[in-house]
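For reference, the chains in residue letters:
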Amino acid sequence: MAELAETSTAPTVTITSGAVRGKVRDGVSAFLGIPYAAPPVDAAAFAPPGPVQPWEGVRDATAYGPTAPQVGYPAPIAKLFENAIELGDDYLNVNVWTPDPSASGLPVMVWIHGGAFARGSNRVGIYSGETFARDGVVFVGINYRLGVPGFASVDGAPENRGLLDQIAALTWVQQNVAAFGGDPARVTIFGESAGAMSVASLMSSPLANGLFHRAIMQSGNGNTAVAVEDARKVTARLAGLLGVSPDVAGLGSVSSAELLKAQTDLALEATLNPDPEIFGSTVIEVGLGIMTMLPVVDSQVLPNVPEASIAAGAGRDIPLIAGWNADEFRFFLVPTGVAAQATPEFARGMIGGYRGAVESFDEHLAAGAAPGDALCMVLTDIAFRSGTLKLAELRPDDQTYIYEFGVPNDEAGIGAGHAVDIPYVFDHLEAGRRLIGPDAPQAVADAMHSAWVSFAKTGDPGWGRYLPQQTVQRFD
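It should be emphasised that the depicted structure is a prediction, and the values quoted were computed from it without experimental measurement.

Rules of the game
- For every chain, the first residue of the written sequence is number 1, and numbering continues from 1 onward in sequence order.
- A pLDDT threshold of at least 70 governs which residues receive local features in this predicted model, and a stricter bar of 80 or more applies before side-chain atom pairs are shown or counted, although totals over entire chains, interfaces and linings include all residues.
- Side-chain figures throughout are based on the complete set of non-hydrogen atoms in the structure, without hydrogens or water.
- One confidence number per residue, pLDDT, is output by the predictor and ranges from 0 to 100.
- In what follows, residue pairs with any heavy atoms lying within 4.5 Å of each other are defined as contacts.
- UniProt positions are given in the numbering used here, feature names are shortened, and annotations may be inferred rather than shown by experiment.
- To qualify as a helix, a DSSP run of H or I must reach at least 4 residues; to qualify as a strand, a run of E must reach at least 2; elements of each kind are numbered from the N terminus.
- An automatic or database domain assignment supplies the residue ranges for each domain.
- Strand pairing is assigned whenever DSSP identifies at least 2 bridges connecting the two strands.
- Under this scheme, a helix contributes an axis fitted over its contacting stretch, all axes are lines through C-alpha atoms, and angles between N-to-C directions fall in the 0 to 180 degree range.
- Each salt bridge in this description consists of a side-chain nitrogen of Lys or Arg and a carboxyl oxygen of Asp or Glu lying within 4 Å of one another.
- Burial classes follow relative accessibility: with a 1.4 Å probe on protein chains only, a residue under 20% of its type's maximum area counts as buried, one over 50% as exposed, and anything between as partly exposed.
- Residue types Ala, Val, Leu, Ile, Met, Phe, Trp, Tyr and Cys, when buried and joined through side-chain atoms within 4.5 Å, form a set referred to as a nonpolar core.
- Orienting the strands away from the viewer, one traces the path from the first strand over the helix to the second; a clockwise path indicates a right-handed crossover.
- Only four residue types enter the charge count, namely Lys and Arg as positive and Asp and Glu as negative; His and the chain termini do not.
- Whenever a nitrogen or oxygen atom comes within 3.5 Å of another N or O atom, the pair is scored as a polar contact, on the condition that within protein one atom can donate a hydrogen and the other can accept it, and that pairs from neighbouring residues in sequence are kept only if both atoms are in side chains.
- The rule is short: rings of Phe, Tyr and Trp, with Trp giving its six-membered ring, pair when the centres are within 6.5 Å, and they are stacked under 30 degrees, edge-to-face over 60, tilted in between.
- Charge over a ring is defined by NZ of Lys or CZ of Arg lying within 6 Å of the ring centre and within 35 degrees of the ring normal.

### Let's talk about the confidence of the model for the protein
Put simply, the protein has an average pLDDT of 95, and 98% of its residues get 70 or more. Note on residues 1–7: pLDDT is under 50 here. Beyond four places in sequence and across chains, it has 22 contacts.

Shown next, in the form of structure tokens:
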């Protein structure tokens, strides 16, 4: 992980909860681990995010804060993708990088990390925001509750607590980013995977209105929200594994470690036995055997599935970049050996519930693709490409810019797999070598990073809108 070394007088700024002291490297000021909400522990674990307790004096903000409770990635994935885990109560925190805390009116970018709503944090090395600050942007990386505390549908608790955390973080940005030189009227939110799905949710949520002005979705879609009754089936199964009642009292009575173990066992069971009677049909369909803790359609945060709300006008006039990687599912199925072992029968069973998927799979087989490769192609389309294009087509009168990322990591055999785009967007090729391979082209990083910065500054990434021209920008 890249660490910032202090090279000049430590900068200090005052925000709503008190003063914070950061550090400077190469002209960029970093303020790390600043809490934006109260620690979500004990009675607050399943409650909405609460206010930060103000502090006296100057709070040190030179080191990363804790991460949400989680388990590491399986070993084959962990070899490719870093996941920093540092347990601690004060994990609802933000990291801020700014070119000049004494400036004013700078564009702001807020990063929402991915990780299937169960993993990830703002302290992963390739998410370090100094490259954006170097180019004139105030960058904010946020944490939010994950897994059971963040997204399980629990009797006695508000739904979508992880999304409520994200909204609280964006509210914090509105109240405090000017202290770091940022303009609260020029906020771009962006995220990858579950972070991109969160962006779609925030675009469709009435509670997030006015908190941001542009959006970027990397490898997401607008259909990631499930029915409460299906999410409650997941919670019931989880509670059964723990031997407690499926409510706040029951789940609140077990330790974080016990919750994480049961959550991990549950995810494995859903992968091996995706029974809709146990896990709910929408959870199986939307989660694709990878995600079991998901946003739900409720009456407050998500009145409908995001793409339905967007079709009805939610997020209108918010310029949007959205895209996918050409080989998304190779990241999941190649390192784990699933692609190599897949048979046509296995693949057809996995995708049989999706309209046209089996026919598409058979077409890839007829064209000479191995079963595992054909399965990766079809799942990439189901989970990412088709959903992204549908979202664009639901916004025919708005500024929507579509891209496809195609630079492969041939060394790992994952092609342009899931998450391979992130080091390019952040211009952190060296920090991302395990994920992107040894021969990553700097020219593509220059192009993607500058497009994201341009979009945050002007609303124009440098290529034409998807509609009516139906332009797709390709980074390859």
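### With respect to the UniProt feature "domain: Carboxylesterase type B" (unreviewed entry) in the protein
Mapped onto the present numbering, the UniProt feature "domain: Carboxylesterase type B" (unreviewed entry) falls at residues 10–334 and 373–461. In the segment residues 10–334, helix accounts for 30% and strand for 19%; the C-alpha atoms at its two ends are 46 Å apart. Helix makes up 53% of residues 373–461 and strand 7%. Its end C-alpha atoms lie 32 Å apart.

### With respect to the domain arrangement of the protein
Annotation of the protein at the domain level lists domain 1 (12–227 + 295–312), domain 2 (228–287) and domain 3 (320–474). On a C-alpha basis, the centres of domain 2 and domain 3 stand 30 Å from each other.

### A word on the environment of Asp373
If you trace the backbone, Asp373 turns up in helix 16 (residues 371–393). Residues Asp373 and Phe361, 12 residues apart in the sequence, show an inter-C-alpha distance of 9.5 Å.

### Some words on the sheet that holds strand 11 (residues 320–325)
The 10 strands are arranged 3-4-6-8-7-9-10-11-12-13 in an open sheet whose pairing can be described as mixed. Both outer strands of the open sheet, strand 3 (23–25) and strand 13 (472–475), are each paired with one neighbouring strand and no more. Within this sheet the neighbouring strands show an average axis-to-axis angle of 20°, counted without direction. Both strand 3 and strand 4 (residues 28–35) contribute to a ladder of 3 bridges, which runs antiparallel. Pairing of Lys23 across the sheet is with Ala30, part of strand 4. Along the sheet, helix 5 (residues 194–204) contacts strand 7 (106–112), strand 9 (182–192), strand 10 (214–218) and strand 11; its crossing angle with strand 9, the most-contacted strand, is approximately 130°. Along the sheet face, helix 19 (residues 442–458) touches strand 7, strand 9, strand 10, strand 11, strand 12 (400–405) and strand 13 and points at about 150° away from the line of strand 10.

### Topic: the pattern of salt bridges
A full pass over the atoms with the stated rule returns 14 salt bridges. Between Asp90 and Arg59 there is a salt bridge, with the nearest N and O atoms lying 3.6 Å from each other. Of this pair, Asp90 sits in the loop between helix 1 (75–78) and strand 6 (93–98) while Arg59 sits in strand 5 (residues 58–60), and the two are 31 residues apart along the sequence. For Asp90, a relative accessible area of 24% translates into the label partly exposed. One network of salt bridges, with partners in common, ties together Arg134, Asp135 and Asp427.

### Side note on the nonpolar core
With 155 residues, the main nonpolar core has Phe212, Tyr424 and Trp452 as its most contacted residues. Ranked by residue count, the leading element in this core is helix 16, at 11 residues. When neighbours within four sequence positions are excluded, Trp452 is seen to be in contact with Met109, Phe132, Phe190, Ile216, Gln218, Ile321, Tyr403, Val425, Trp463 and Phe475.

### Some words on the pairing of strand 9
Counting buried positions over the 11 residues of strand 9 gives 8, a clear majority of the element. Judged from the 6 bridges that link them, strand 7 and strand 9 form a sheet pairing that is parallel. Residue pairing for strand 9: Ile112 is matched across the bridge by Gly191. Bridge count for strand 9 against strand 10 is 5 bridges, and the pairing is parallel. The partner of Thr188 across the bridge, within strand 10, is Arg214. Tracing the backbone out of strand 9, into helix 5 and back to the parallel element strand 10 gives a crossover that is right-handed.

### Considerations on the side chain of Glu192
Examined against the element boundaries, Glu192 turns out to sit in strand 9. Buried within the structure, Glu192 lacks any salt-bridge partner; its nearest side chain of opposite charge belongs to Arg119, at an N-O separation of 12 Å. Side-chain polar atoms of Glu192 contact the side chain of His418, separated by 3.3 Å. Not counting residues up to four positions away in its chain, the partners in contact with Glu192 are Trp111, Ile112, His113, Gly114, Gln218, Ser219, His418, Ala419 and Ile422.

### A closer look at the environment of Asp89
In this structure, Asp89 sits in the loop between helix 1 and strand 6. Since its relative accessible area comes to 48%, Asp89 is described here as partly exposed. Through-space distance from the C-alpha of Asp89 to that of Val41 is 6.6 Å; in sequence the pair is 48 residues apart. Excluding residues that lie within four positions of it along the chain, Asp89 makes contacts with Pro39, Pro40 and Val41.

### With respect to the packing of aromatic side chains
The relation between two aromatic rings is expressed through the spacing of the ring centres and the mutual angle of the planes. Following the criterion strictly, the structure yields 27 aromatic pairs and no others. Aromatic side chains Tyr401 and Phe455 sit 6.2 Å apart centroid to centroid with 75° between the ring planes, which places their arrangement in the edge-to-face category. In this pair, Tyr401 sits in strand 12 while Phe455 sits in helix 19, placing the two residues 54 residues apart along the sequence. Pair check on accessibility: Tyr401 and Phe455 agree, each one buried. Between the NZ or CZ atom of Arg59 and the centre of the ring of Trp55, over which it lies, the distance is 4.9 Å.

### Describing the sheet that holds strand 2 (residues 18–21)
Taken in spatial order, the 3 strands line up as 1-2-5 in an open sheet, and their pairing is mixed. Looking at which strands have only one partner, the edges of the open sheet turn out to be strand 1 (12–15) and strand 5. Going across the sheet, the axis of each strand differs from the next one's by a mean of 35°, ignoring polarity. One ladder, built from 3 bridges, connects strand 2 with strand 5; its direction is parallel. Bridge pairing in strand 5 places Ala19 opposite Val58.

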